[in-house]
Amino acid sequence: MGFLDKLFGKKQEVSPGGSTIYRYGELEDKGLRIPEHTGIYIEQVEKHFASLFPDRETRVLHEIVSDLVHIDVHVMWPKEGQDFFVLYTTGMSDLSMTIPDEVKPEHRKKLELAELYMFLPGDWPLSKEGMPPKEAYWPIGMLKFVARFPHEYKTWLGWGHTIPNGPKYAPLDDSVGFGAVVLVGGGDGPLGHIDLDDGKHLNLYSPIPAYQEEVEYKLKYGMEALDAVFQEKKLEMILNPQRPNLCADFKEVLDS
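Residues numbered from 1 in each chain as written. Predicted model: local features only at pLDDT ≥ 70, side-chain atom pairs only at ≥ 80, totals over all residues. Heavy atoms only, no water.

As a further point, take the packing of aromatic side chains. Within this structure, the stated rule accounts for 15 aromatic pairs. Where Tyr 217 meets Tyr 221, the ring centres are 4.9 Å apart and the plane angle is 55°; that geometry is what we call tilted. Separated by four residues within a single helix, Tyr 217 and Tyr 221 lie in helix H5 (residues 212-221), roughly one turn from each other. A connected cluster of aromatic rings, assembled from ring pairs, spans Phe 49, Phe 53, Phe 84, Tyr 88, Tyr 117 and Phe 119. Its guanidinium or amino end placed over the ring of Phe 84, Arg 56 lies 4.7 Å from that ring's centre, counting from NZ or CZ. (Phe/Tyr/Trp six-rings, centres within 6.5 Å; stacked < 30°, edge-to-face > 60°. Helix = DSSP H or I, 4+ residues; strand = E, 2+ residues; numbered from the N terminus. Lys NZ or Arg CZ within 6 Å of the ring centre and 35° of its normal.)

Turning our attention to the pairing of strand S2 (residues 72-76). Two faces belong to every sheet, and in a regular strand the side chains alternate between them. A large share of S2 lies buried, amounting to five of its five residues. Of the two faces of S2, both are covered, the one formed by Asp 72, His 74 and Met 76 as well as the one formed by Val 73 and Val 75. As paired elements, strand S1 (residues 58-61) and S2 share four bridges and run antiparallel to each other. The partner of Val 60 across the bridge, within S2, is His 74. Relative to strand S3 (residues 84-90), S2 is paired through five bridges, and the arrangement is antiparallel. Counted as the bridge partner of His 74 is Tyr 88 from S3. (Buried < 20%, exposed > 50% of the residue type's maximum accessible area, 1.4 Å probe, protein only. Pairing = 2+ DSSP bridges.)

With that settled, the discussion passes to the pattern of salt bridges. Counted under the stated rule, the structure contains six salt bridges. One salt bridge in this structure joins Glu 214 and Arg 243, with 2.8 Å as the shortest N-O distance. Separated by 29 residues along the polypeptide, Glu 214 in helix H5 and Arg 243 in the segment after helix H6 (223-232) bring together distant segments of the chain. For the pair formed by Glu 214 and Arg 243, the shared burial category is buried. A salt bridge links Lys 220 to Glu 252, with the shortest nitrogen-to-oxygen separation between them at 2.7 Å. Of this pair, Lys 220 sits in helix H5 while Glu 252 sits in the segment after H6, placing them 32 residues apart in sequence. When its relative accessible area of 23% is taken as the criterion, Lys 220 is described as partly exposed. Look at Glu 252 and you get partly exposed, because its relative accessible area is 35%. Salt bridges here are not isolated pairs; linked through shared partners, they connect Glu 63, Lys 144 and Arg 148. (Salt bridge = Lys/Arg side-chain N within 4 Å of Asp/Glu carboxyl O.)

Here it is, written out as structure tokens:
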């Protein structure tokens, strides 16, 4: 039984592993939609990450033109003994995600708000001034895309959700073989959520760049099974652009 089975009643399209599959078509061009509210929880999110990763120099990659929500990516520089960058978003939580009606009422409020984070190796070519070079930008672009996704499509994201890069799992960047992302995190613990001052619950998820076979494995056996593979094979939480495919031997295609 997958995580979604615990939240949903009736489902229309379900993978063999119990994952609800959502289909999205092309978006209608509605022009630029200026965000109504920006930075609602920015100070609380910044304070939370500063408490988790103290004494780091931080830079904000501000979004110049925003549609629906204003997504900024905050970059926390490596420090001695912690040779990795911390990246996190603000602005995704300016709007509540659209939780399906079939989600049990007791779970709905805890699923509506989210922000994203990820870790990059300490030698990732980021600069303290100007825009990152093209070869360094794709994880930042991925964070911004995923953060805006649920608002664009009036849907939601949570633990175990996967987003393929198109029907053929096109590479997220020419330099990598990843063709999708899978969300981990959420739940208890300081990297799982933030208890906001207004009493609301803000989930923190990390989008892991993933291979097609890893996503198809999840569709066949469920997110708990894929998570077990990640743990058994010691998936690195710090991005390794050349990491091996942890489900390379899985050959079934279930999402077509």
